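Listed below, chain by chain, are the residues.
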Amino acid sequence: MKKILIIKHGSLGDIIMSLIAFFSIRNYFIKDKLYLLTEKKYKNFFKKSFLVDEIIEDNRDSNLIKNFKKIQAVAKNNFDFIIDLQNSKRTFFYNLLFRFFTYAKINSSRPLAHYRYNIPKQGKETVSEGLMNQLNLMGIKKSEEAMVDYNWLRVDIIDEFKEPLAIFIPGVSRSGFSKQWQPEKFAIIAKNLEDLGYTICVLGTNLDLDSAKPIIKSCKKILNKIDKSPPEIIYSLALKAKIIFSNDTGPGHIAALAKKNFIRLVNNNNLSKTSKPSGSHIFDIQDKSVKNIQVSKVMSFLNAKKLI
């Protein structure tokens, strides 16, 4: 039995965009033991999956000595392979220590990797595509659709919907204001859909409350899941949706896993291309600045594509 360490930190969106890589690694090393080095906030998420066998907590301490001791302790597991899905300056330091303390073969886009992937210019490939191209250097192929199962994220939803469900994810991270379509415009779309007989649902954390308020105020009856939207709820509600509207944000990436018609309001730039989820159910409505996208453009798109 081989022992493989996967390194993955980052934002929630980064984690979701790496899942196809996790599935592919799991299916390739089906009889081997997979360890994951990640932050505490993702431990429960991965514990529910079958994607890894053991989780090692790494909260990316800023203290160099603590980091050194942490990686030195991790290295004692005598890994056969180290797969760096983070590919950051920090993991370059980690890889340096792994090269010094272990005989493990390293797969990464950072220097010192035995299987090193050269990342092309931003916008040439999505994050998911890039990670698969990196794994291909080890002979790991992308898992077939039939082998990708997100049922471990599914939970029972007590809410019942007699009308078609439209989900809105209007918030962004604290640093993501430039990627946010105006909440007031989301509210107009939500009201239009409610008038057409849709049930409206808003998702997000408590930090997204201000972004959700215009929708909540505009609609007569709304399913408010603000601060009640862990990944399992987002995914399970998305499975029941007819259509989903979102900025380029982590919760949106989770909802996109449900493969329902998904409208992304995004800037027309390489960053948006890089972070695009895969699938024919993803529809980007974009402008040089997302702020310039008009409600009329969105409604015309929905009608032309017969999405509502």
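Along each chain, numbering runs from 1 in the same order as the chain's sequence is written. Local features in this predicted model are restricted to residues of pLDDT 70 or higher, and side-chain atom pairs are both shown and tallied only at a pLDDT of 80 or more, whereas totals for entire chains, interfaces and linings draw on every residue. Side-chain measures were taken over the full set of non-hydrogen atoms in the model, leaving aside hydrogen atoms and water.

Student: Even after reading the chapter, I still don't get the layout of surface pockets, so can you show me in this structure?
Tutor: Regions of empty space are outlined by a rolling probe, equal in size to a water molecule, passed over the atoms. Estimated volume of the second largest pocket: approximately 470 Å³. Forming the boundary of the second largest pocket are 22 residues, of which Ile 20, Ser 128, Tyr 150, Pro 277 and Ser 278 lie nearest the centre. A run of H or I in DSSP counts as a helix once it spans at least four residues, and a run of E counts as a strand once it spans at least two, with each numbered from the N terminus. Those elements that provide at least two residues to the lining of the second largest pocket are helix H1 (12–17), helix H2 (19–28), helix H6 (127–136) and helix H10 (250–256). Per-element tally for the lining of the second largest pocket: the top contributor is H6, with 3 residues. Split by residue class, the lining of the second largest pocket holds 10 nonpolar, 6 polar and 6 charged. Here a cavity means grid points, on a 1 Å grid over the protein atoms only, where a 1.4 Å probe fits yet cannot get out; a pocket means an open set of points with protein on both sides within 12 Å along at least five of seven lines; lining residues are those with an atom within 4 Å of a point. Grid points are joined across faces, edges and corners, and a volume is the space filled by probe spheres set on the points. Gly counts as polar in this scheme, as do all residues outside two lists: the nonpolar Ala, Val, Leu, Ile, Met, Phe, Trp, Tyr, Cys and Pro, and the charged Asp, Glu, Lys and Arg.

Student: Can you walk me through helix H4 (residues 64–75) in this structure?
Tutor: Here H4 contains 12 residues, and its C-alpha end-to-end distance of 16 Å stays within 8% of the 16 Å for a straight helix at 1.5 Å per residue. Those residues of H4 not exposed but buried are Asn 67, Ile 71, Val 74 and Ala 75. Buried residues of H4 fall within an arc of 100° about the axis and therefore sit on the same side. The exposed set on the far side of H4, more than 90 degrees from its buried face, consists of Ile 65, Lys 66 and Lys 69. It only takes one pair of heavy atoms within 4.5 Å for two residues to be counted as in contact. Looking at the buried positions of H4, the neighbouring elements they touch are strand E1 (3–7), strand E2 (33–38), strand E3 (54–57) and helix H5 (89–101). One fewer than the residue count of a helix, multiplied by 1.5 Å, yields its expected span. Exposure categories follow from relative accessible area, calculated using a 1.4 Å probe and restricted to protein chains: below 20% of the type maximum is buried, above 50% is exposed, and the middle band is partly exposed. The directions considered for the arc run from the helix axis to the C-beta atoms.

Student: For this particular structure, what's the right way to read the environment of Val 298?
Tutor: On the secondary structure map, Val 298 appears in helix H12 (residues 295–304). Between the C-alpha atoms of Val 298 and Ile 285, which are 13 residues apart in sequence, the distance is 7.2 Å. Once residues lying within four places of it in the same chain are set aside, the contact partners of Val 298 are Trp 181, Ile 189, Phe 245, Leu 265, Ile 285 and Ile 293.

Student: I tried to follow the pattern of salt bridges on my own but got confused; where do I start?
Tutor: Pairing between side chains of opposite charge can happen when the charged atoms of each approach one another. The term salt bridge refers to a pairing of a side-chain nitrogen on Lys or Arg with a carboxyl oxygen on Asp or Glu at a separation within 4 Å. According to the stated counting rule, one finds 13 salt bridges in the structure shown. Note that Lys 225 and Asp 159 form a salt bridge whose closest N and O atoms lie 3.3 Å from each other. Of the two residues, Lys 225 sits in strand E9 (residues 222–226) while Asp 159 sits in the loop between H6 and strand E7 (165–169), which places them 66 residues apart along the sequence. Accessibility expressed as a relative area gives 16% for Lys 225, which makes it buried.

Student: In this structure, what is going on with the nonpolar core? I would like to understand it.
Tutor: A general feature of soluble globular proteins is that nonpolar side chains tend to end up buried together. Only buried residues count toward a nonpolar core, which is a set of Ala, Val, Leu, Ile, Met, Phe, Trp, Tyr and Cys residues joined through side-chain atoms within 4.5 Å. If you look at the biggest cluster of nonpolar residues, it comprises 51 residues, and the most contacted ones within it are Ile 6, Ile 25, Phe 29, Phe 46, Ile 83, Leu 85 and Ile 167. Among the elements that take part in this core, H2 stands out by supplying 6 residues, more than any other. Among residues more than four places away in sequence, those in contact with Leu 85 are Ile 6, Ile 7, Lys 8, Ala 21, Phe 22, Ile 25, Leu 131, Gln 134 and Leu 135. Of all hydrophobic cores here, the second largest spans 28 residues; its members include Ile 243, Ile 263, Leu 265 and Leu 307.

Student: Explanation requested: the pairing of E2 in the structure shown.
Tutor: Consecutive side chains along a regular strand alternate between the two faces of the sheet. In terms of burial, E2 is largely enclosed, as 5 of its 6 residues are buried. We treat two strands as partners when DSSP finds at least two bridges between them. Pairing of E1 with E2, which is carried by 5 bridges, proceeds in the parallel orientation. Within E2, the residue paired with Lys 3 across the bridge is Lys 33. As paired elements, E2 and E3 share 4 bridges and run parallel to each other. Residue pairing in the sheet places Tyr 35 in a bridge with Glu 54 of E3.

Student: Just checking my understanding: could you explain the packing of helix H7 (residues 183–195) against helix H8 (residues 209–218) for this structure?
Tutor: Pairs of packed helices are described in terms of their axes, by the angle between the two and the distance that separates them. Axes, fitted as lines to C-alpha atoms, cover a helix only where it is in contact. Angles between the N-to-C directions of the axes lie from 0 to 180 degrees. Two elements in contact, H7 and H8, have axes whose closest approach is 8 Å; the angle formed by their N-to-C orientations is 30°. If you check the angle between H7 and H8, you find them roughly parallel. H7 and H8 meet at a crossing whose hand is right-handed. Contact residues: Pro 183, Glu 184, Phe 186, Ala 187, Ala 190, Lys 191 and Glu 194 in H7; Ser 211, Pro 214, Ile 215 and Ser 218 in H8. Here the contact of H7 with H8 is composed, by residue class, of 6 nonpolar, 2 polar and 3 charged. If an angle is under 35 degrees, it is roughly parallel; if it is over 145, roughly antiparallel; if it lies from 65 to 115, roughly perpendicular; otherwise it is oblique. Crossing handedness: left-handed means the near helix sits turned counterclockwise from the far one by under a right angle, and right-handed means the same turn made clockwise.

Student: Honestly, unusual backbone geometry in this entry has me stumped. Any pointers?
Tutor: Peptide bonds are, in most cases, trans, and in most cases residues other than glycine have a negative phi. Positive phi is not limited to glycine here, since Arg 60 has a value of about 55°. Counting through the fold element by element, Arg 60 comes out in the loop between E3 and H4. The backbone of Asn 87 sits at a positive phi, close to 55°, despite the residue not being glycine. Inspection of the secondary structure puts Asn 87 in the loop between strand E4 (81–84) and H5. For Asn 87, a relative accessible area of 16% translates into the label buried.

Student: Sorry, what's going on with the sheet that holds strand E10 (residues 243–246) here?
Tutor: Strands in a sheet are paired, the pairing made by backbone hydrogen bonds, and the direction either parallel or antiparallel. Read from one edge of the open sheet, 6 strands run E9-E8-E7-E10-E11-E12, paired in parallel fashion. Strand pairing shows two members of the sheet lacking a second neighbour, E9 and strand E12 (282–287), which therefore form its edges. Averaged over neighbouring strand pairs, the angle between their axes works out to 20° when direction is ignored. Lying over the sheet, helix H9 (residues 231–240) contacts E7, strand E8 (199–204), E9 and E10, oriented at roughly 145° with respect to E7. H12 contacts E10, strand E11 (261–267) and E12 of the sheet and is inclined by roughly 150° relative to E12.

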